[in-house]
Amino acid sequence: ADIALNDPVRFYHLSEWLSTRAFVLRRDHNECMRCIGKWKSDIPLKKFRIRKATHVHHIKALKDHPELCLDPDNLISLCFGCHEDVERRGISKEKKIPLTLERW
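This structure is a prediction, so every number in the text was calculated from the model and none was measured.

Observations regarding helix 3 (residues 15–27)
Its 13 residues place the ends of helix 3 18 Å apart at the C-alpha level, agreeing with the 18 Å of an ideal helix rising 1.5 Å per residue. Looking at helix 3, one finds that the buried residues are Trp17, Thr20, Val24 and Leu25. The buried residues of helix 3 occupy an angular sector of 135° when projected down its axis, which confines them to one face. Summarising the geometry of helix 3, the exposed residues directed more than 90 degrees from the buried face are Ser15 and Arg26. Buried positions along helix 3 lie against helix 2 (8–11), strand 1 (55–58) and strand 2 (75–78). Following helix 3 by one or two positions, histidine 29 adopts a phi angle in the positive range, close to 55°.

Structure representation (structure tokens):
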């Protein structure tokens with residue numbers, strides 16, 4: 001957790017992160033949970049083409065909740081496009097809208 005606060009880039013190269021990331025991708029069957037409607041909605045986002053998950057997203061942000069950095073319950077598999085949407089790339093942080101619905 002300390003490494004996550006001080007150096008997130010280094011965190012994403014740690015063996016603990018890499019093994020947790022692999023676990024979450026396996027748990028989610030390498031499918032984007034947002035595309036198939038298992039995150040934020042019961043309705044699939046994409047009807048015809050479910051994309052392969054390539055990213056593991058921290059539901060509660062790493063910088064805000066470093067204690068949850070390796071907690072599988074705070075991680076979800078997303079495809080590149082959904083991860084970009086959720087992170088709101090290209091939009092200033094002031095305008096970033098939290099998309100997380102906490103269901104626990």
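Moving on from the coordinates now.
Here's the deal with the environment of leucine 70
Looking at the element boundaries, leucine 70 is found in the loop between strand 1 and strand 2. Classification of leucine 70 by relative accessible area gives partly exposed; the value is 33%. The sequence separation of leucine 70 and tryptophan 17 amounts to 53 residues, and the corresponding C-alpha distance is 6.5 Å. Once you skip the residues sitting within four places of it in the chain, leucine 70 turns out to touch Phe11, Glu16, Trp17, Thr20 and Leu75.

Thoughts on the nonpolar core
Ranked by size, the top nonpolar core spans 11 residues in total: Cys32, Met33, Cys35, Ile36, Trp39, Ile59, Ile76, Leu78, Cys79, Cys82 and Val86. Contributing elements (two or more residues each) for this core: strand 2 and helix 4 (80–87).

Topic: unusual backbone geometry
If you check the backbone angles, histidine 29 has positive phi at about 55° while not being a glycine. Topologically, histidine 29 is positioned in the loop between helix 3 and strand 1.

Brief notes about the side chain of arginine 34
Within the secondary structure, arginine 34 is located in the loop between helix 3 and strand 1. Within the structure, the side chain of arginine 34 is placed 3.3 Å from the side chain of aspartate 85, a separation counted as a polar contact.

A closer look at the confidence of the model for the protein chain
For the protein chain, per-residue confidence averages 81 on the pLDDT scale, and 72% of positions sit at 70 or higher. Across the protein chain, helix 3 holds the top mean pLDDT of 97, while helix 1 (residues 2–6) sits lowest at 59. Residue range residues 99–104 is modelled with pLDDT below 50. Its contacts to residues more than four positions away, or to other chains, number 15 contacts.

Some points on the pairing of strand 2
With burial as the criterion, each face of strand 2 is covered, one bearing Leu75 and Ser77 and the other bearing Ile76 and Leu78. Where strand 1 and strand 2 come together, four bridges link them in antiparallel fashion. Note on strand 2: the bridge partner recorded for histidine 58 is leucine 75.

So, how was this worked out
Residues numbered from 1 in each chain as written. Predicted model: local features only at pLDDT ≥ 70, side-chain atom pairs only at ≥ 80, totals over all residues. Heavy atoms only, no water. Helix = DSSP H or I, 4+ residues; strand = E, 2+ residues; numbered from the N terminus. Expected span 1.5 Å × (residues − 1). Buried < 20%, exposed > 50% of the residue type's maximum accessible area, 1.4 Å probe, protein only. Arc of directions from axis to C-beta. Contact = heavy atoms within 4.5 Å. Core = buried A, V, L, I, M, F, W, Y, C linked by side-chain atoms within 4.5 Å. Polar contact = N/O pair within 3.5 Å; in protein donor to acceptor, adjacent residues only side chain to side chain. pLDDT = per-residue confidence, 0-100. Pairing = 2+ DSSP bridges.

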